[in-house]
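Structure at a glance
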Amino acid sequence: MTKKTKITDLKPDTPKGQTRRSFLQTAMAGGAAATTAYLGLTQGLFAKESGPIVIGHQCELTGGFSSWGYWHDKCAKAAVKLINDGGGISGRKVELAIADTESNPAAGARKLRSLIQRKKASFIVGSVHSGIMLASLPIATELKTPYFSAGEATEATGSKGSRYSFRTGTDTYALAAAGVPWAMENLGKNWTMIFPDYAWGHSHHQEHRKLIEAAGGKVNDPIAVPLGTKDLVPYLARIPEETEVLFSVFFGALSVAFYTQQKSMRLDEKMKMYSVSGTIEAIDPRDIGGATEGVYFLENFPRPLEFKNDEPHKKFIELMDVDPVYAKENGSKRVMAKSHAWQSYENLFVLKAAIEASGWQSKKDTQGAIEALEGLQMKNSLSHPQGTKVLRAEDHSGMIDCYMSRVEDSKFVLKKRIPREELMAKLPPRYDFRKYKL
Amino acid sequence: MELVIALGMNGIVWGLIIALIALGLSIIFGLLDIINIAHGDFFMVGTVLAWFVLDTTGNYWLAFLIVPIIGFAMGVVIEYTVIQPIKNAAALSIVATFGLSIILQEGVRATFGAAPTRLVPPIQSTIQMFGLEYEVYRLFAAAVSIAAILLFFGFLHRTKMGTWMRAVRYDPETATAMGIPARKIYMITFALGFAMAALGGVVAAPITTVDFQAGVDILPFCFMAVIIGGLGNLEGTVAAAVMLAFFEGVMASFADPTIARIGSLCLMSIVLLIRPHGIFAGATR
């Protein structure tokens, strides 16, 4: 626990008339305080080989992503507790410094700087909000701090990546490679994509389009819906009748609006509905009145226990205090953002492995930790309940198993597991960050 | 051509729902000179309360009665605690209602959770409308909106309270001198604005979603309707809301959706350039 400072402790004395002596006293005290503050701000950049290891967590506790943020926070805290109960990292306690991004890129980037410079975080478990993580990466790189993205925008481990940028989960590139072959074979070859008119949607469209067309499929004109739209009927009405697969990538409320309004227009009776887990994350199909019934979702982690029925998964579910079928928190209405939040849990164990393997002591040893992270192998265990995976050395991307599921009677039912080996074969690295300077 | 007609009609239906919400914003501005940034959140509170009524009683129709009453009561409390102390200070009203907006959003998030949810429409059938599979509930929602708007204008023009509201709006000093309880009228007007937005929330909840940020996106459209209709011009607000939604619907049938949105913003700019006080400015006050 950090010592709390009372607000009254910070209240300045009211000046009641100043003498030369009091002025000098104030000036000297101010100088001493400034020197102390400067040393405090910069000491993290230099050797600090004892005391806790501070890991920053950039998390969406409020705002539009807070239904996910709650789980990222819970996951990170659970991992830190397990690590500390087991003796910490290299015998040092882990201290988690949490910053609420307010689901806002400007606030998130500002608070990342504070996490690194003021809270002296040596590593960052980063945001799941693509806008925030993309705004944060240049700052993490500038401050030479390894940053783990949890969002899906491919740029984080692509065009905007750096030697400091990592991601254990999937991006739009990986999701397209994992889902398109199966969907083309089982759902249809004529596709229409509908998505929100911003980077995440366009990124999905570009990655999917390449693979669909390469496999001989047809992609109709995309429908990019302006952000903030409430009535989707004008956009749904533009979907061509010959469409066999309607691929949607909305988020949160817009996602629920999409499923609701397509259902009322009976589009699901005319074409197959396909999407990625981000569009149904933290939402229980039972709570949206059957609007997602029959929809196929590509997941990063199966929601029910039965489709990855092993001890680590079971223990993780117990740790998260959720039910094993719907992933709903016991005693509340919250649904676990399971396909993404596991990264905030596992990333702490990833860091533990890299720190211990490289003998990291302080920020000056960051190069060793980064080299240990590049190509790190992780085995299915309580530390990695999502499953065995590798953090690919070239593009710092996690190669994981993916799961194609369908909502049936409001339950996620597994249709196919896509093993990481199969995924890796279709997903050659497009960047090699090992060649980038530290 | 069928698609153009279908989307034009859908625009009118959606515009009527927006008109109901924007009308509340317009009466609050017209009488109190309050730029109410929290008005979208009054709508959001309506959607959440509708969901709550359905969840606890199992009867959605009850929400049409209960939610506006709760909205009215909340409006009375907010007018007394937030609006009254800053009356006649437009700049302060923006800050105060922005703060109120955050309180309402985060209050709902903390109480009901952050995950969006859905209300299953009480009428689930569809009809063929110019080649479009169209939800019957939307037509019902438009009918409720028309009824509520007509009731409101009936109240405004045919009751003593309505006459007082118009009198205070026209000249508060003279109205007070004539013995009209202006203070009470301010409170009732604000509460009525809240109740109408909340009713809009009940009507729209099965079409859109229920979540703590549901009001954020609806507010700009309401402001556009109020500005194009002429600030404080109630009939103008209704007409502008319907026209805007119709225009955007028709545009969306052949143009890129984003172009359609830009088109409606351009329309607003042109109207403001030609008629800075709104398209129906002549009838204001």
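Residues numbered from 1 in each chain as written. Chains lettered and ligands numbered in written order. Predicted model: local features only at pLDDT ≥ 70, side-chain atom pairs only at ≥ 80, totals over all residues.

Comments concerning the overall build of chain B
A count of helical and extended segments in chain B gives eleven helices and two strands. When the helices and strands of chain B are read in sequence order from the N terminus, they spell out α-α-α-α-β-β-α-α-α-α-α-α-α. Computed over the C-alpha atoms, the radius of gyration of chain B is 19 Å, within 12% of the 19 Å expected from 2.2 N^0.38 for a compact globule of 285 residues. Summarising its shape, the C-alpha atoms of chain B cover approximately 60 × 50 × 35 Å along the three principal directions. When contacts within chain B are restricted to residue pairs at least 6 apart in sequence, long-range pairs at least 24 apart make up 78% of them. (Helix = DSSP H or I, 4+ residues; strand = E, 2+ residues; numbered from the N terminus. Rg over C-alpha atoms; globule rule 2.2 N^0.38 Å. Contact = placed C-beta atoms within 7 Å.)

Thoughts on the interface of chain B and chain A
Counting from both sides, the interface comprises 31 residues of chain B and, opposite them, 33 residues of chain A. Secondary structure elements with two or more residues in the side of chain B that touches chain A: helix 1 (2-32), helix 4 (90-112), strand 2 (132-135), helix 10 (234-254) and helix 11 (257-274) of chain B. For the side of chain B that touches chain A, the leading source of residues is helix 1 of chain B, giving five residues. A breakdown of the residues in the side of chain B that touches chain A according to their chemical character gives 13 nonpolar, ten polar and eight charged. (Nonpolar A, V, L, I, M, F, W, Y, C, P; charged D, E, K, R; others polar.)

Considerations on the confidence of the model for chain A
Residue and element names in this part refer to chain A. Here chain A averages 89 in pLDDT, and 89% of its residues register 70 or above. Note that residues 1-18 has pLDDT below 50 and, in this model, two contacts with residues that lie over four places away or in other chains. In this model residues 32-48 is a low-confidence stretch, pLDDT under 50, and it forms nine contacts with partners more than four residues away in sequence or in other chains. (pLDDT = per-residue confidence, 0-100.)

Some remarks on the sheet that holds strand 14 (residues 398-399) of chain A
Backbone hydrogen bonds are what pair the strands of a sheet, in a parallel or an antiparallel way. Residue and element names in this part refer to chain A. With antiparallel pairing, three strands are arranged side by side in an open sheet as 12-13-14. Each edge of the open sheet carries a strand with a single partner, namely strand 12 (377-378) and strand 14. One ladder, built from two bridges, connects strand 12 with strand 13 (residues 389-391); its direction is antiparallel. Bridging across to strand 13, methionine 378 finds its partner in lysine 389. (Pairing = 2+ DSSP bridges.)

With respect to helix 5 (residues 136-158) of chain B
All names here are of chain B. The end-to-end C-alpha distance of helix 5, which contains 23 residues, comes to 32 Å, matching closely the 33 Å that a straight helix rising 1.5 Å per residue would cover. What helix 5 keeps buried is the set Arg138, Ala141, Ala142, Ser145, Ala148, Ile149 and Phe152. Elements in contact with the buried residues of helix 5: helix 1, strand 2, helix 8 (182-204) and helix 10. (Expected span 1.5 Å × (residues − 1). Buried ≥ 20, exposed ≤ 12 C-beta atoms within 10 Å, placed from the backbone.)

Observations concerning the pairing of strand 1 (residues 53-59) of chain A
Residues and elements named next belong to chain A. Of all seven residues in strand 1, six are buried, a share of seventy percent or more. Pairing of strand 1 with strand 2 (residues 94-100), which is carried by seven bridges, proceeds in the parallel orientation. Across the sheet, glutamine 58 pairs through a bridge with alanine 99, a residue of strand 2. Handedness of the β-α-β unit built from strand 1, helix 2 (residues 66-85) and strand 2 comes out right-handed. Here strand 1 runs beside strand 3 (residues 123-125); their pairing, made up of three bridges, is parallel. Residue pairing for strand 3: histidine 57 is matched across the bridge by valine 125. (Right-handed = clockwise from strand over helix to strand, strands pointing away.)

Some details on the packing of helix 2 of chain A against helix 10 (residues 338-358) of chain A
Residues and elements named next belong to chain A. Two elements in contact, helix 2 and helix 10, have axes separated by 7 Å at closest approach and are oriented at 30 degrees. Accordingly, the angle class assigned to the pair helix 2 and helix 10 is roughly parallel. Two packed elements cross with a definite hand, and for helix 2 against helix 10 that hand is right-handed. Two secondary-structure elements touch here, helix 2 through Trp68, Trp71, His72, Cys75, Ala76, Ala78, Ala79, Val80 and Ile83 and helix 10 through His340, Ala341, Trp342, Ser344, Tyr345, Leu348, Phe349 and Lys352. (Axes fitted to C-alpha atoms, helices over the stretch in contact; angles between N-to-C directions. Parallel < 35°, antiparallel > 145°, perpendicular 65-115°, else oblique. Left-handed = near helix turned anticlockwise from the far one by under 90°.)

Describing the sheet that holds strand 5 (residues 165-166) of chain A
Residues and elements named next belong to chain A. Across the sheet, which stays open at both edges, the five strands sit in the order 2-1-3-4-5 with parallel pairing between neighbours. Each having just a single partner strand, strand 2 and strand 5 make up the two edges of the open sheet. Helix 3 (residues 105-117) contacts strand 1, strand 2 and strand 3 of the sheet and is inclined by roughly 175 degrees relative to strand 1.

A look at the packing of helix 9 (residues 218-229) of chain B against helix 11 of chain B
Residue and element names in this part refer to chain B. It is at 10 Å that the axes of helix 9 and helix 11 come closest, and there the two elements cross at 30 degrees. Classified by the angle their axes make, helix 9 and helix 11 are roughly parallel. Note on packing geometry: the crossing formed by helix 9 with helix 11 is left-handed. Facing Met224, Ile227 and Ile228 of helix 9, the residues of helix 11 in contact are Met268, Val271 and Leu272. The class makeup of the residues in the contact of helix 9 with helix 11 is six nonpolar, no polar and no charged.

Some thoughts on the nonpolar core
Within the largest apolar cluster, 216 residues are counted, with the highest numbers of intra-cluster contacts made by Ile18(B), Ala19(B), Leu20(B), Cys222(B) and Ala225(B). Among the elements that take part in this core, helix 1 of chain B stands out by supplying 19 residues, more than any other. In terms of domain composition, this core takes at least three residues from each of domain 1 (53-170 + 337-400) and domain 2 (173-299 + 404-416) of chain A. Once residues lying within four places of it in the same chain are set aside, the contact partners of Ala225(B) are Ile18(B), Ala19(B), Ala22(B), Thr237(B), Ala240(B), Ala241(B) and Leu244(B). (Core = buried A, V, L, I, M, F, W, Y, C linked by C-beta atoms within 7 Å. Domains from an automatic or database assignment.)

Considerations on unusual backbone geometry
All names here are of chain A. Non-glycine residue serine 90 carries a positive phi angle of around 50 degrees. Relative to the helices and strands, serine 90 is located in the loop between helix 2 and strand 2. Residue class for serine 90 comes out partly exposed when judged on the 14 C-beta atoms lying within 10 Å of it. Of note, the phi angle at glutamate 102 is positive, near 60 degrees, even though the residue is not glycine. Turning to its location among the elements, glutamate 102 is positioned in the loop between strand 2 and helix 3.

Some words on the domain arrangement of chain A
Residue and element names in this part refer to chain A. Each assigned domain of chain A is listed here: domain 1 (53-170 + 337-400) and domain 2 (173-299 + 404-416). Look at where the C-alpha atoms of domain 1 and domain 2 centre, and you get two points 29 Å apart. Taken together, the contact pairs twelve residues of domain 1 with 13 residues of domain 2. Elements supplying a minimum of two residues to the side of domain 1 that touches domain 2: helix 2 and helix 10.

Some thoughts on the pairing of strand 6 (residues 190-196) of chain A
All names here are of chain A. Within strand 6, six of the seven residues are buried, which leaves the element mostly enclosed by the surrounding structure. The sheet contact formed by strand 6 and strand 9 (residues 245-248) spans four bridges and is parallel. Each bridged residue has a counterpart across the sheet, and for threonine 192 the counterpart in strand 9 is leucine 246. Note: strand 6 against strand 8 (residues 223-225), three bridges, orientation parallel. Bridge pairing in strand 8 places phenylalanine 195 opposite alanine 224.

Some details on the confidence of the model for chain B
Residue and element names in this part refer to chain B. Confidence in the prediction of chain B, expressed as mean pLDDT, is 89, and 98% of residues score 70 or more. When pLDDT is averaged over each element of chain B, helix 3 (residues 61-83) comes out on top at 96 and helix 11 at the bottom at 80. Scoring of the predicted complex yields 0.84 for pTM and 0.81 for ipTM.

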